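# Tertiary structure, described
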Amino acid sequence: MPYSPGDKKQALARVRRIKGQAAALEAALEKDAECAAILQQLAAVRGAVNGLMAAVLESYLREEFPDSVTRSDSQKKSIEDTLSIVRSYLR
């Protein structure tokens, strides 16, 4: 769960976008749209869900491991590296 009000607002906006994309996908299926259009819509939904997952995970990691004066540079780099790997995996 995104903890900051800004993160929560962004997550909800993404969910609403996903809802709209899913509705468009449903309409395309009902209209017997071409496979290419269906596949494109599916890819858009998948990308949006993965983006939401990455944003929520990043928010969670940043809350669990907040920056502090006691954290070493290598620990900070490790968290950033982890976030980078997760972002690239979810694309």
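Residues numbered from 1 in each chain as written. Predicted model: local features only at pLDDT ≥ 70, side-chain atom pairs only at ≥ 80, totals over all residues. Heavy atoms only, no water.

### A short note on the confidence of the model for the chain
The condition is simple: Values of pLDDT, ranging from 0 to 100, describe the predictor's confidence in every residue of the model. What counts as a helix is a DSSP run of H or I of at least four residues, what counts as a strand is a run of E of at least two, and both are numbered from the N terminus.
Residues with a pLDDT of 70 or more make up 89% of the chain, whose mean pLDDT is 86. Mean pLDDT across the secondary structure elements of the chain bottoms out at helix H3 (residues 73-89), with 79, and peaks at helix H1 (residues 5-30), with 94.

### Things to note about helix H2 (residues 35-64)
How we decide: By this rule, a helix spans an expected 1.5 Å times one less than how many residues it contains. Buried residues are those whose accessible area, probed at 1.4 Å on protein chains only, stays under 20% of the maximum for their type, while exposed residues exceed 50% and partly exposed ones sit between those limits.
With 30 residues, H2 extends 43 Å from end C-alpha to end C-alpha; this agrees with the ideal 44 Å at 1.5 Å per step. Along H2, the residues classified as buried are Ile38, Val45, Ala48, Asn50, Leu52, Ala54, Ser59 and Leu61.

### Observations concerning the packing of H1 against H2
The test is simple: Here an axis means a line fitted to C-alpha atoms, over the contact stretch when the element is a helix, while the angle between two N-to-C directions is reported on a 0 to 180 degree scale. Angle categories are assigned with fixed cut-offs, so that under 35 degrees is roughly parallel, over 145 is roughly antiparallel, 65 to 115 is roughly perpendicular, and the rest are oblique. Definitions for this section: a left-handed crossing has its near helix turned counterclockwise from the far helix by less than a right angle. A right-handed crossing has that turn clockwise. The contact criterion used is simple: two residues touch if any of their non-hydrogen atoms lie within 4.5 Å.
Where H1 meets H2, the axes come as close as 9 Å, and the angle between the chain directions of the two elements is 165 degrees. In terms of axis orientation, H1 runs roughly antiparallel to H2. Here H1 runs over H2; the crossing is left-handed. Facing H1, whose interface residues are Asp7, Ala11, Arg14, Val15, Ile18, Gln21, Ala22, Ala24, Leu25, Ala28 and Leu29, H2 presents Ile38, Gln41, Leu42, Ala44, Val45, Ala48, Val49, Gly51, Leu52, Ala55 and Ser59.

### Concerning unusual backbone geometry
Glycine aside, negative phi is the norm for most residues, and most peptide bonds take the trans geometry. One non-glycine residue with positive phi stands out, namely aspartate 32, at about 55 degrees. Checked against the element boundaries, aspartate 32 lands in the loop between H1 and H2.

### Description of H1
With 26 residues, H1 extends 37 Å between its outermost C-alpha atoms, agreeing within 8% with the 38 Å of an ideal straight helix rising 1.5 Å per residue. Among the residues of H1, Ala11, Ile18, Leu25 and Ala28 are the ones counted as buried. On the buried face of H1, the contacting elements are H2. One or two residues past the end of H1 sits aspartate 32, with phi positive at roughly 55 degrees.

### Thoughts on the environment of leucine 42
Examined against the element boundaries, leucine 42 turns out to sit in helix H2. Spatially, the C-alpha atom of leucine 42 lies 10.0 Å from that of alanine 24, the residues being 18 residues apart in sequence.

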